[in-house]
Protein chains: 2
Amino acid sequence: MERVFTIMERFAPDAMDCITNRYKMLKQIMHQQPVGRRQLCKVLGLTERMVRAEIENLKSTGLIHATTAGICLSPAGEHIMNEVDIFVPFLFNIQSLAEQIKNRFNLREVILVPGDSQSDEMIKRDLGRVAAAYMKKSLFPGCTLAVTGGSTLAEVADVITDGIGFSNLMVVPARGGLGEEVEQQAGTIAARIAKIIGAQYRMLHIPDKLQEETAQALKQDPYIKEITDLIKSSDILFHGIGFAMEMANRRGLTAAEIALLQAKGAVGEAFRYYFDEQGNIVYEVPGIGLELHDLAHIQTVVAVAGGSNKAPAIKAVLNGGRQTVLITDEGAAQAIVGLQD
Amino acid sequence: MERVFTIMERFAPDAMDCITNRYKMLKQIMHQQPVGRRQLCKVLGLTERMVRAEIENLKSTGLIHATTAGICLSPAGEHIMNEVDIFVPFLFNIQSLAEQIKNRFNLREVILVPGDSQSDEMIKRDLGRVAAAYMKKSLFPGCTLAVTGGSTLAEVADVITDGIGFSNLMVVPARGGLGEEVEQQAGTIAARIAKIIGAQYRMLHIPDKLQEETAQALKQDPYIKEITDLIKSSDILFHGIGFAMEMANRRGLTAAEIALLQAKGAVGEAFRYYFDEQGNIVYEVPGIGLELHDLAHIQTVVAVAGGSNKAPAIKAVLNGGRQTVLITDEGAAQAIVGLQD
DNA sequence: TCATGTTGGGGCAAAAATGTCCCTGAGGGC
DNA sequence: GCCCTCAGGGACATTTTTGCCCCAACATGA
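Residues numbered from 1 in each chain as written. Chains lettered and ligands numbered in written order. Predicted model: local features only at pLDDT ≥ 70, side-chain atom pairs only at ≥ 80, totals over all residues. Heavy atoms only, no water.

(A) Spotlight on the domain arrangement of chain A. Residue and element names in this part refer to chain A. Taken domain by domain, chain A consists of domain 1 (2-83) and domain 2 (88-338). Distance from the C-alpha centre of domain 1 to the C-alpha centre of domain 2: 37 Å. If you look at the interface, domain 1 gives 10 residues, while domain 2 gives 12 residues. Summed over both sides, the interface of domain 1 with domain 2 buries roughly 1,000 Å², with 70% coming from carbon and sulfur. Summed over the shared surface of domain 1 and domain 2, the number is 1 salt bridge. When the shortest N-O distance is used, the salt bridge between R10 and D126 registers 2.7 Å. On inspection of domain 1 and its partner domain 2, the count reaches 1 residue pair in polar contact (both at pLDDT 80 or more). At the level of elements, α1 (2-11) and α2 (13-32) are the ones that each hand at least two residues to the side of domain 1 that touches domain 2. (Domains from an automatic or database assignment. Contact = heavy atoms within 4.5 Å. Buried area = accessible area lost by both parts, 1.4 Å probe. Salt bridge = Lys/Arg side-chain N within 4 Å of Asp/Glu carboxyl O. Polar contact = N/O pair within 3.5 Å; in protein donor to acceptor, adjacent residues only side chain to side chain. Helix = DSSP H or I, 4+ residues; strand = E, 2+ residues; numbered from the N terminus.)

Dropping the structure here:
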């Protein structure tokens, strides 16, 4: 039963939106009838015309009934609401999950893909698709988009399609990002996305892990400075989230560094910063590119990560409070709210 | 499970249409991939643009994949079709029912309301609403609409709403139709409908059951002739269907007549004609108004009747083959196909 | 009784969708 | 090699939907 809605959500999300909208509206009417159109707009966060269109629709099917005092449920409407209420919990657990997470971490938006990428590879694809769609929606003429590396962002690059409509875009890697498979390096991903959406791009072929002095020296180089300035002035950042230890190993941190991370309780990693459970930054990999204080100037910081197993890492990074948007899957979301604080 | 779709169909028919359309399309693609857009139009009976919009939609969600050879299902599309196929029989049994009945009785259109008006009073209301919507859709400027009496048509008059957009319409009773509650007389219903949709109307205050000689005499009257001519030139007829014996009793037929009906195996009644199981007319109540041979000139003859108990009567009348459209409920439809020939 | 706030509905320009063409190019039969 | 058919995608007029503001009517409370 629950499964039906999960499948439906993937099969025809628009139809499900239509159903949930209608339900919300009828429920609202049921609760505060007789109620006016504008009231409903405010409560439901829809435009007046949308509400109006829906009202006309419902009126023609006889579920509601408009009087001069406002809109009321007709007997048929009440009857059907009783029936729909039977399976509505299944319909809404996803949406309410998103709401919970949004409020808890003070995010501008939370997008949930039904399913769990841990157990179903298809969901990972879905996540990428949804993130790609959101990415395209976020772009605006003249903007600069920064991306990190990682398998999730690589997935986004795999599934993104062209068709933006304007072309003065720039895609950059958030940081250097060598040191892993070339397919998953930030620069490679930036380039792939840029090519598909018809944007310019810059790469930064610098190892991400540097000695502090080397980094300082490189930062003086005019060419590198130009690119880092560009990166630091990004308007949008899309980043993945990883487990601290896993990333530390993959990036070849020294035993001393890893010991430090463990001592400080690092759980999550994002854009080369390591976060403990409370969201404190316990370690930063020296390098060139986006730095933490730059994030404050970026309008849209989107974290993309899924899978119920990744929940602790996602939660740790979210606790850091640098994101405005989270795109994840139902499994991860459920696990995140399930973790005690 | 099945119940969910039945409820959904009543709650958000548009969303369900969207889902079924999408399913049909994906199924078609699956079967004859790679397939072209225009092919799909022909097979699915949709306009090119609709198919195209849907294709763009599916492409953006990554369920299909367009090549120069045509459209193919993507792996994700195949995957989801396998999942959807699990519950699709539930989704389509209504539609396939409608299809069956349409073909069997050679009708132009069959509209099914989910549910059974016998067991749920609400469905009767739904049936009326759907019939009312169809009625409004069928009207055209300058047309004449004929209606019969009966509780079903009374229901239609109850739920019809205004908003036709043109006003040179005429509504007439198909036949006289005194002899039952005034609320359910054809003339009353014609008048009510006319008033709501802003049409003109004529009534025919003549007992429906007449001696043959009296009827002949009345037919000569100029005023009555004018009205009957109008009735006979109707463009659209909406009629109910009743059980032969029940109607015979209600209309006060004589014991001899009733005996005749029984002897001839009358089952169904519509517009004062009595039909046996095979659809043969076994009796005609003499009267004034629409006669059988007039039906041939009427473009749209719509039978409206619901409830699984009424199935034998509906089937009998449909076997007569005078209808172009049937509006009924799922219960009746199921019972009709269940009856052996 | 009257002022005030809210209702549904009307109207209208802007935006989106739809219906209908056409075009180029790939592939298949001859 | 050539033609012919069918593919997807582009273009554009037309219709429908949307966003937004206004209005008379009704309800409500003073």
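(B) Region of the structure containing the protein's contact with DNA strand C. Near DNA strand C lie 19 residues; those nearest to it are R37, R38, R52 and I71 of chain A together with T47 of chain B. The contact atoms of DNA strand C, taken as those within 4 Å of the protein, divide so that sugar and phosphate hold 45%. K59 of chain A is positioned with one of its side-chain polar atoms (N or O) 2.9 Å from a phosphate oxygen of DNA strand C. Here E48 of chain B contributes a side-chain N or O atom positioned 3.1 Å from a base nitrogen of DNA strand C. Elements represented by at least two residues in the surface near DNA strand C include exactly α3 (37-44), α4 (48-60) and β2 (70-73) of chain A together with α4 (48-60) of chain B. Ranked by the residues each element gives to the surface near DNA strand C, the list is headed by α4 of chain B, at 4 residues. In terms of residue class, the surface near DNA strand C is made up of 4 nonpolar, 7 polar and 8 charged. (Near = heavy atom within 4 Å. Nonpolar A, V, L, I, M, F, W, Y, C, P; charged D, E, K, R; others polar.)

(C) The arrangement of the relation of the copies chain A and chain B in detail. For the match of chain A to chain B, the screw axis carries a shift of 0.1 Å, the RMSD comes to 0.2 Å, and the turn is 180 degrees. With respect to symmetry, the two chain copies, as superposed, fit the operation of a two-fold axis. Closest approach to the rotation axis among the C-alpha atoms of chain A is made by A15 of chain A, whose C-alpha sits 2.4 Å away. Taken as a fraction of all interface residues of chain A, those also at the interface in chain B reach 100%, which identifies the copy contact as same-surface. (Least-squares fit on C-alpha atoms with pLDDT ≥ 70 in both.)

(D) The side chain of T152 of chain B, seen in detail. Positionally, T152 of chain B belongs in helix α8 (residues 151-159). For T152 of chain B, the residues in contact, after removing those within four places along its chain, are L127, V304, A305 and K310 of chain B.

(E) Just helix α13 (residues 255-264) of chain B, in detail. Residue and element names in this part refer to chain B. All buried positions along α13 are accounted for by E257, I258 and L261. An end-on view of α13 places all buried positions within 100 degrees of arc, on one side of the element. Residues A255, A256, Q262 and A263 are exposed on α13 and point more than 90 degrees away from its buried face. Among the residues trailing α13, G265 stands out with phi positive, at a value near 75 degrees. (Buried < 20%, exposed > 50% of the residue type's maximum accessible area, 1.4 Å probe, protein only. Arc of directions from axis to C-beta.)

(F) Looking closely at the sheet that holds strand β8 (residues 242-243) of chain A. Residue and element names in this part refer to chain A. Across the sheet, 4 strands lie side by side as β8-β9-β10-β11; this open sheet has antiparallel pairing. At either margin of the open sheet sits one strand with a lone partner, and together these are β8 and β11 (281-284). Taken together, the 4 bridges between strand β9 (residues 266-270) and strand β10 (residues 273-276) define a ladder with antiparallel strand orientation. Following the sheet pairing, A266 is matched in β10 by D276. Contacting β9, β10 and β11, helix α13 (residues 255-264) crosses the sheet at an angle of about 170 degrees to β11. Contacts from helix α15 (residues 311-319) reach β8, β9 and β10, with the element oriented near 75 degrees to β9. (Pairing = 2+ DSSP bridges. Axes fitted to C-alpha atoms, helices over the stretch in contact; angles between N-to-C directions.)

(G) Looking closely at the interface of chain A and chain B. Across the boundary between the two partners, chain A contributes 34 residues, which contact 34 residues of chain B. For the pairing of chain A and chain B, the buried interface totals around 3,000 Å² over both sides, and the portion due to carbon and sulfur atoms is 72%. On the chain A side of the contact with chain B, I7, F11 and R129 of chain A bury the most area, a combined 22% of that side's loss. Seen at the junction of chain A and chain B, the total is 4 salt bridges. Close ionic contact of R22 of chain B with D14 of chain A constitutes a salt bridge, the shortest N to O distance being 3.3 Å. At the boundary of chain A with chain B, the tally comes to 8 residue pairs in polar contact (both at pLDDT 80 or more).

(H) Region of interest: α2 of chain A. For α2 of chain A, which comprises 20 residues, the first-to-last C-alpha distance of 28 Å matches the rise-based estimate of 28 Å (1.5 Å per residue) to within 8%. When we look at burial in α2 of chain A, the residues that qualify are A15, M16, I19, T20, R22, Y23, M25, L26, K27, Q28 and I29 of chain A. (Expected span 1.5 Å × (residues − 1).)

(I) Structural context of the protein's contact with DNA strand D. Around DNA strand D sit 20 residues, and of these T47 of chain A together with R37, R38, R52 and K59 of chain B come closest. Taking the atoms of DNA strand D that fall within 4 Å of the protein, sugar and phosphate contribute 50% of them. One of the side-chain nitrogen or oxygen atoms of R52 of chain A is found 3.5 Å away from a base nitrogen of DNA strand D. Within the backbone of I71 of chain B, a nitrogen or oxygen atom sits 3.3 Å from a phosphate oxygen of DNA strand D. Mapped onto the surface near DNA strand D, the elements with two or more residues apiece are α4 of chain A together with α3 (37-44), α4 and β2 (70-73) of chain B. Here the element with the most residues in the surface near DNA strand D is α4 of chain A; it accounts for 5 residues.

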